[in-house]
Number of protein chains: 2
Amino acid sequence: MTDITTVTVLGTGVLGSQIAYATAYAGFDVVAYDIDEPALEKARERFAGLVTTYEAEVDGAAGGKAEAGLARINVTSDLAAAVADADLVIEAVPESLEIKRATWTAVGAAAPERTIFATNSSTLLPSDFMEATGRPDRFLALHFANRIWVQNTAEVMGTPKTDPAVYATVVDFAREIGMVPIEVKKERPGYVLNSLLVPLLNAASALWVDGVADVETIDKTWRIATGAPLGPFQIFDVIGMVTPYNIARTSDDPTQQKFAEILKRDFIDAGKLGAASGEGFYSYGA
Amino acid sequence: MTDITTVTVLGTGVLGSQIAYATAYAGFDVVAYDIDEPALEKARERFAGLVTTYEAEVDGAAGGKAEAGLARINVTSDLAAAVADADLVIEAVPESLEIKRATWTAVGAAAPERTIFATNSSTLLPSDFMEATGRPDRFLALHFANRIWVQNTAEVMGTPKTDPAVYATVVDFAREIGMVPIEVKKERPGYVLNSLLVPLLNAASALWVDGVADVETIDKTWRIATGAPLGPFQIFDVIGMVTPYNIARTSDDPTQQKFAEILKRDFIDAGKLGAASGEGFYSYGA
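What counts, and at which threshold
- Residues numbered from 1 in each chain as written.
- Chains lettered and ligands numbered in written order.
- Predicted model: local features only at pLDDT ≥ 70, side-chain atom pairs only at ≥ 80, totals over all residues.
- Heavy atoms only, no water.
- Core = buried A, V, L, I, M, F, W, Y, C linked by side-chain atoms within 4.5 Å.
- Buried < 20%, exposed > 50% of the residue type's maximum accessible area, 1.4 Å probe, protein only.
- Contact = heavy atoms within 4.5 Å.
- Pairing = 2+ DSSP bridges.
- Helix = DSSP H or I, 4+ residues; strand = E, 2+ residues; numbered from the N terminus.
- Axes fitted to C-alpha atoms, helices over the stretch in contact; angles between N-to-C directions.
- UniProt positions renumbered as here; feature names shortened; annotations may be inferred.
- Least-squares fit on C-alpha atoms with pLDDT ≥ 70 in both.
- Polar contact = N/O pair within 3.5 Å; in protein donor to acceptor, adjacent residues only side chain to side chain.

A. Region of interest: the nonpolar core. Membership of the largest hydrophobic core comes to 70 residues, with the highest contact counts inside it found for A:Leu196, A:Trp222, A:Phe281, B:Leu196, B:Trp222 and B:Phe281. Residue contacts for B:Trp222: discarding those within four places in its chain leaves A:Leu193, A:Leu196, A:Leu197, A:Leu200, A:Trp222, B:Leu200, B:Gly227, B:Ala228, B:Leu230, B:Gly231 and B:Pro232.

Shown next, in the form of structure tokens:
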């Protein structure tokens, strides 16, 4: 057991709200911070939606447990107050180095000495902004996956300055909130999961863009050969088109740039954003 | 239904013997060719082993069906005789351009006009040796996976010269022998499956060689995140170490070259050849 009892989550977007709710659901007192009242109102809606989702999809969540989780979350737009009594701060603010640095500078000025600092950043390395905290030894990355109640990996990645005891505490905390901690031993863009997944998805999109095989054939081949439930394009549909588009359009590879064009023109601009929108590479019933 | 009734398989190694047996099991008359009597004796052993495997692992194979498949295979070391009445020749001789060319030149000289020619080559493109057949319009690649009775993909890949009617017939034939035909529309090294699989395996080996995460962590991450039954290192164990070693050692990437060194020193030279040998990245009970 860790000594962590109070957790503050900064940012209540899709993943931030899931992190906050999963932590509260596991019994921790949670403070969820976002920048203003409209953002907090949106956060309340997300939390209410998560209660419904948990009741439908998580064993044992119905009958009061999901609601009890909700009751353990307080929301605020006062950053200093949000972190004033935090044992752990998990940051899930937008993926901008400037925003991350400003946020962590403010947190570092306001949080107690004991607080552990974790960023959920997907695309930045923790060492890119560890110094902003003023306490790099207490800072690391704790990276969650979307649909946290199903895809329950929590990748723990320190910097060369992270205190090993802090790292070990965060690994234990991840386990306490029902995650499978993935110990990433060195800083690596993409951590473990995206370091594996992105090359597969790139290879699949290249086969398709180059006209080697169609989407259904590529997916079928992967499912049969590996026993995986989803082929690469089904995975794109789960992820949604926006993140793959943002990765592909900034690639140096002409094939990936062409893939980005197609994603923009035939999918994003056409409202086919993936499974959540009802259509992506495949159609999904309402 | 195709007009194919008689199929000749050239080469009775691990995959050639599986192709011959799967074809005979599906009801076709099969001639299995190899270069001399010792090779044919080994082929007979492989076929007998496949009968046992099918009886244990394939629904409906016990009670005579697997044995009946065996009875439909004739073996010979006379190449001209082997192809004299073939509707389809499937070539699975060693992956050497010289051997492939010599084999197809001999087949082209001896086979009837109607014969369709297919190579199971994994690493060469069919256009690299299509002219050796003398009839490139009747020639294409038909690529199977190991453990054909489970991994039942058959990748069908023509050259620019392949007659579309020949391509369509081979797609239908693949279905007739219980395969899922994978229509590869353009020549591509690695076809569809290895074009997807190799980047994933390279990414996994790089994470491990670079010390980012251990084998178990990488595999666990992949299984949880994608729902796949096997992680990348479990897939290496199924494939066996020799093929990944041969791919890695010829790579330009220093990380892959280092991976090749480790595979040689710590696995191949230590007799840890993968699941079939009882040990690879993991240990397997006898």
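That shown, we press on.
B. Structural detail: the sheet that holds strand β5 (residues 116-119) of chain A. All names here are of chain A. Across the sheet, which stays open at both edges, the eight strands sit in the order β3-β2-β1-β4-β5-β6-β7-β8 with mixed pairing between neighbours. Strands with a single pairing partner mark the edges of an open sheet, and in this sheet they are β3 (73-76) and β8 (180-184). The sheet shows a mean angle of 25 degrees between the axes of neighbouring strands, direction not considered. Here strand β7 (residues 153-157) runs beside β8; their pairing, made up of five bridges, is parallel.

C. How the structure looks around the environment of B:Ile224. Mapped onto the fold, B:Ile224 is located in helix α8 (residues 215-226). Relative accessible area serves as the criterion here: at 23%, B:Ile224 is assigned to the partly exposed category. Non-local contacts of B:Ile224, meaning those with residues more than four positions away in its chain, are made with A:Gln151, A:Asn152, A:Thr153 and A:Val180.

D. The arrangement of the UniProt feature "domain: 3-hydroxyacyl-CoA dehydrogenase C-terminal" (unreviewed entry) in chain A in detail. Following the UniProt record, the feature "domain: 3-hydroxyacyl-CoA dehydrogenase C-terminal" (unreviewed entry) maps to residues 190-284 of chain A here. As a span, residues 190-284 of chain A carries 63% helix and 0% strand, and end to end its C-alpha atoms are 29 Å apart.

E. The arrangement of the UniProt feature "domain: 3-hydroxyacyl-CoA dehydrogenase NAD binding" (unreviewed entry) in chain A in detail. Sequence positions flagged by UniProt for "domain: 3-hydroxyacyl-CoA dehydrogenase NAD binding" (unreviewed entry) are, in local numbering, residues 6-185 of chain A. Taken end to end, residues 6-185 of chain A is 40% helix and 21% strand, and its first and last C-alpha atoms sit 27 Å apart.

F. Geometry of the relation of the copies chain A and chain B. Between the two copies, chain A and chain B, the superposition gives an RMSD of 0.1 Å; the rotation angle is 180 degrees and the shift along the axis is 0.0 Å. Considering both components of the superposition, the chain copies are consistent with a two-fold axis. When C-alpha distances to the rotation axis are compared across chain A, the minimum falls at A:Ala228, with a value of 2.0 Å. Interface residue correspondence from chain A to chain B reaches 100%, placing this contact among same-surface, isologous pairings.

G. The arrangement of unusual backbone geometry in detail. Residue A:Arg147 is not a glycine yet carries a positive backbone phi of 60 degrees. Tracing the chain through its elements places A:Arg147 in the loop between β6 (139-144) and β7.

H. Highlighting the side chain of B:Asp87. All names here are of chain B. The residue Asp-87 is located in the loop between α4 (79-83) and β4 (88-91) in this model. Here Arg-114 takes part through its side chain, which lies 2.5 Å from a polar atom of the side chain of Asp-87. Leave out the neighbours within four places in its chain, and Asp-87 touches Asp-3, Ile-4, Thr-5, Thr-6, Arg-114, Thr-115 and Ile-116.

I. Molecular detail of the sheet that holds strand β8 (residues 180-184) of chain B. Residues and elements named next belong to chain B. One open sheet holds the eight strands; their spatial order is β3-β2-β1-β4-β5-β6-β7-β8, and the pairing between them is mixed. Whereas interior strands pair on both sides, the edge strands pair on one side only; in this sheet they are β3 (73-76) and β8. Here the average twist between neighbouring strands, direction ignored, is 25 degrees. Bridge count between strand β2 (residues 29-33) and β3: four bridges; the pairing is parallel. Bridge pairing in β3 links Tyr-33 to Thr-76. Contacting β1 (6-10), β4, β5 (116-119) and β6 (139-144), helix α5 (residues 97-110) runs over the sheet at an angle of about 170 degrees to β5.

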